[in-house]
Amino acid sequence: MVRTVLALAAAGASVPAIAQDELYRFQPGQETRWISPENPTGAKGAGARENKGAKGHAFDTVPLGGSHVLADIRGAGTIDRIWMTIEDRSPEALRGLRLDIFWDGAARPAVSAPLGDFFLHGAGEMVAMETALLASPEGRSFVSTIPMPFRTGARIVVINESPKPVNLIFFDVNYRAVREQPRDALYFHAWWSRERATKLGRDFRILPRIQGRGRFLGTSVTVLTNPVYEKTWWGEGEIKIAMDGDRADAPTLVGTGTEDYIGTAWGQGAYINRHQGAPIASWEGEGRWTFYRWHVPDPVWFSRDIEVSLQMIGGARKNIVLGLQKKGAPLIPVTIDPGSRNNFQKLLETGKPLSDPSLPDGHTNYYRSDDVAAVAYFYLDSPGGSLPAIAPAAERLAALRPPPQKK
C-alpha cells in the first residue's frame, strides 16, 4: 500500500485516506530530513551546530541581484513540505523574487515563477489562506505541501531580482530520502507567464503546448482589469484544455466561464476553499483578482501533449457595452443573452454589429484586453523545463498595482 500511495502522491493524484495503522507502522527505506539554515545540508547529526546549540542560525540573507540555494539534495527522495517567510512582503518583493527548482541535475528549472505568484499571492497582497496544496496561515508565510519526487537530486533556489536586498529569509525544506522512486512517478513543474495587455480576441495561454505524458494539477491566475472597461465584469471567458492531439481551437475540455471554473457563479467574490478560490477579488482603486483551481479530486491526465488557455471575455448589459464602444474601449461583441436560449444571439456567427436595431436587449459578452498573469502547475515525465524562461524582473515589476492603503 505504501508504494501505491507514494506513486499516487508523486503523480499528484488524489490519494485515498490513509488507514489509521499507517500512521504508526514503520516504513523501511525512508529517512526524514529537514533542511534549514540550522542544518543547510540536512545531513544526519549536523543540525544546531552554531551558538552552542541555541538559536544560532535561524535565517539567511539574499543580496540585491544575488541568489540563495535553499536545498541541494543528492539521491532519490520526495519533498513533502516547503515553508519560508521573508521580512519584506511588498508587491515588489513578491514579484521580484524568483523561485527556481531543478530535478535530477537538469540544466533548466522545472519550476520557475515569482515567489508571490507561485504561492497564490499574484496580486501583490498576502492573504491568510489554507488550500489543499498551498497555504499562508496568517498571510505572513509561504507553505507548499505539493509532493515533489526526484530520482537523483533536487536543487531549490531563490533569486533576488527585486529592488531591495532580502535581509531575512527563514525556511524549511522537509523531505524523505528513499531508496528509489516508483517507475511511474512524475516530476513536478510550475511555469509563470504574463501579458500586460492580452490580445483582443485571442486566448491567454496559461500553459503553452508541451509534449510528454503527465497531469495538469491546476493554475493560479491574476487579473488586473483595464480601467477603460470601467467596472464591468471581466470573467466570462472559458477555460479550454486541448490535449493528446486536440487542435487549440477544438479542445476536449471546455468550461462555461471563469467563475464557473473555480466553482462559484454569477460573478466572483473573495473566498478560499480547499480546491478552488479567489483570495483577492477587489474593485477598490482599480480591479485586482487572484483565483486558483486544483484538479485533485478531478484529475486531468494527458498521454501525449497538453495546452491550457483562458478566454478574456467580459460582460454587461448591451447599452453599457455600446457606451464603452462609443468611448473607444477596444472590444469585440460576442453574444447577447436576452435571458433564455430563445433569441440568443451569436454575434460572431451573424456578423451583426451591436448597434443593429434588430438585436434584442440583454447581457452582452465581449472580448476585452486586460493584464493577466498565471502559474501553471503540472506533472511531467521529464525532469527538465521545456518552456521559455519567464520574463525578466523589469517586465514582471512593470505596472504593478499595489493594494489600497488600509485606513
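Conventions adopted
- Residues numbered from 1 in each chain as written.
- Predicted model: local features only at pLDDT ≥ 70, side-chain atom pairs only at ≥ 80, totals over all residues.
- Heavy atoms only, no water.
- Core = buried A, V, L, I, M, F, W, Y, C linked by side-chain atoms within 4.5 Å.
- Buried < 20%, exposed > 50% of the residue type's maximum accessible area, 1.4 Å probe, protein only.
- Helix = DSSP H or I, 4+ residues; strand = E, 2+ residues; numbered from the N terminus.
- Arc of directions from axis to C-beta.
- Contact = heavy atoms within 4.5 Å.
- Pairing = 2+ DSSP bridges.
- Axes fitted to C-alpha atoms, helices over the stretch in contact; angles between N-to-C directions.
- 1 Å grid on protein atoms, 1.4 Å probe; cavity = no way out; pocket = protein on both sides within 12 Å on 5 of 7 lines; lining within 4 Å.
- Points joined across faces, edges and corners; volume = space filled by probe spheres on them.
- Polar contact = N/O pair within 3.5 Å; in protein donor to acceptor, adjacent residues only side chain to side chain.
- pLDDT = per-residue confidence, 0-100.
- Phe/Tyr/Trp six-rings, centres within 6.5 Å; stacked < 30°, edge-to-face > 60°.
- Lys NZ or Arg CZ within 6 Å of the ring centre and 35° of its normal.

1. As for the nonpolar core
- With 85 residues, the main nonpolar core has Ile79, Trp103, Phe118, Phe188, Phe216, Ile306 and Tyr377 as its most contacted residues.
- Looking at this core, the element that brings in the most residues is strand 27 (residues 371-380), giving nine residues.

2. Remarks on helix 5 (residues 318-326)
- Residues of helix 5 that are buried include every one of Lys318, Val321 and Leu324, and no others. Along the axis of helix 5, the buried residues cluster in a sector spanning 120 degrees; they form a single face. Exposed side chains of helix 5 directed beyond 90 degrees from the buried face belong to Asn319 and Lys326.
- Check the buried side of helix 5 and you find it contacts strand 23 (313-317), strand 24 (332-337) and strand 26 (363-367).
- Looking at the residues trailing helix 5, positive phi occurs at glycine 328, about 90 degrees.

3. What about the sheet that holds strand 23?
- In spatial order, the strands read 23-26-24-25; together these four strands make up an open sheet with antiparallel pairing. Taken across any chain shown, the strands that pair with only one partner, and hence form the sheet edges, are strand 23 and strand 25 (345-346).
- As judged from the two bridges shared by strand 24 and strand 25, these two strands associate in the antiparallel manner. Counted as the bridge partner of threonine 335 is lysine 346 from strand 25.
- Along the sheet, helix 5 contacts strand 23, strand 24 and strand 26; its crossing angle with strand 23, the most-contacted strand, is approximately 115 degrees.

4. Section: empty space enclosed by the protein
- With the rule as written, the count across this model stands at two cavities of 30 Å³ or more.
- When its volume is computed, the largest cavity comes out at roughly 60 Å³.
- Forming the walls of the largest cavity are Pro91, Arg95, Gly122, Ala123, Gly124, Leu224, Leu400 and Arg401.
- Computed from the structure, the second largest cavity encloses a volume of approximately 40 Å³.
- The wall of the second largest cavity is formed by Asp117, Leu120, His121, Gly122, Trp192, Ser220, Val221, Thr222, Thr290, Ala373, Ala374 and Val375.
- Put simply, the parts of the chain that give the lining of the second largest cavity at least two residues each are strand 15 (214-224) and strand 27.

5. A word on the side chain of arginine 33
- For arginine 33, the location among the structural elements is in strand 1 (residues 30-35).
- You can call arginine 33 buried: its relative accessible area is 18%.
- Within the structure, the side chain of arginine 33 is placed 2.9 Å from the side chain of glutamate 31, a separation counted as a polar contact.
- Setting aside chain neighbours within four positions, we find arginine 33 in contact with Gly42, Lys44, Val173, Asn174 and Tyr175.

6. So, the confidence of the model for the protein
- For the protein, the mean per-residue pLDDT works out to 94, and 95% of the residues sit at or above 70.
- Within the model, the stretch residues 1-16 combines pLDDT values under 50 with 38 contacts to residues more than four positions away or in other chains.

7. Examining the packing of aromatic side chains
- One pass over the structure, following the stated rule, counts 16 aromatic pairs.
- Consider the rings of tryptophan 233 and tryptophan 234, whose centres lie 5.0 Å apart with planes at 45 degrees: the pair is tilted.
- Its relative accessible area of 1% is what places tryptophan 234 among the buried residues.
- Through pairs of rings, three or more aromatic residues link up here, namely Phe118, Phe119, Phe142, Phe188, Tyr292, Trp294, Tyr377 and Tyr379.
- Between arginine 293 and the ring centre of tyrosine 261, over which it is positioned, the NZ or CZ distance is 4.8 Å.
- The side chain of arginine 341 reaches across the aromatic face of phenylalanine 344, ending 4.5 Å from its centre.

8. Things to note about the sheet that holds strand 22 (residues 305-310)
- One open sheet holds the four strands; their spatial order is 14-22-16-17, and the pairing between them is antiparallel. With one partner strand each, in any of the chains shown, strand 14 (204-211) and strand 17 (253-254) form the two edges of the open sheet.
- Both strand 16 (residues 239-243) and strand 22 contribute to a ladder of five bridges, which runs antiparallel. Bridge pairing in strand 22 places isoleucine 239 opposite leucine 310.

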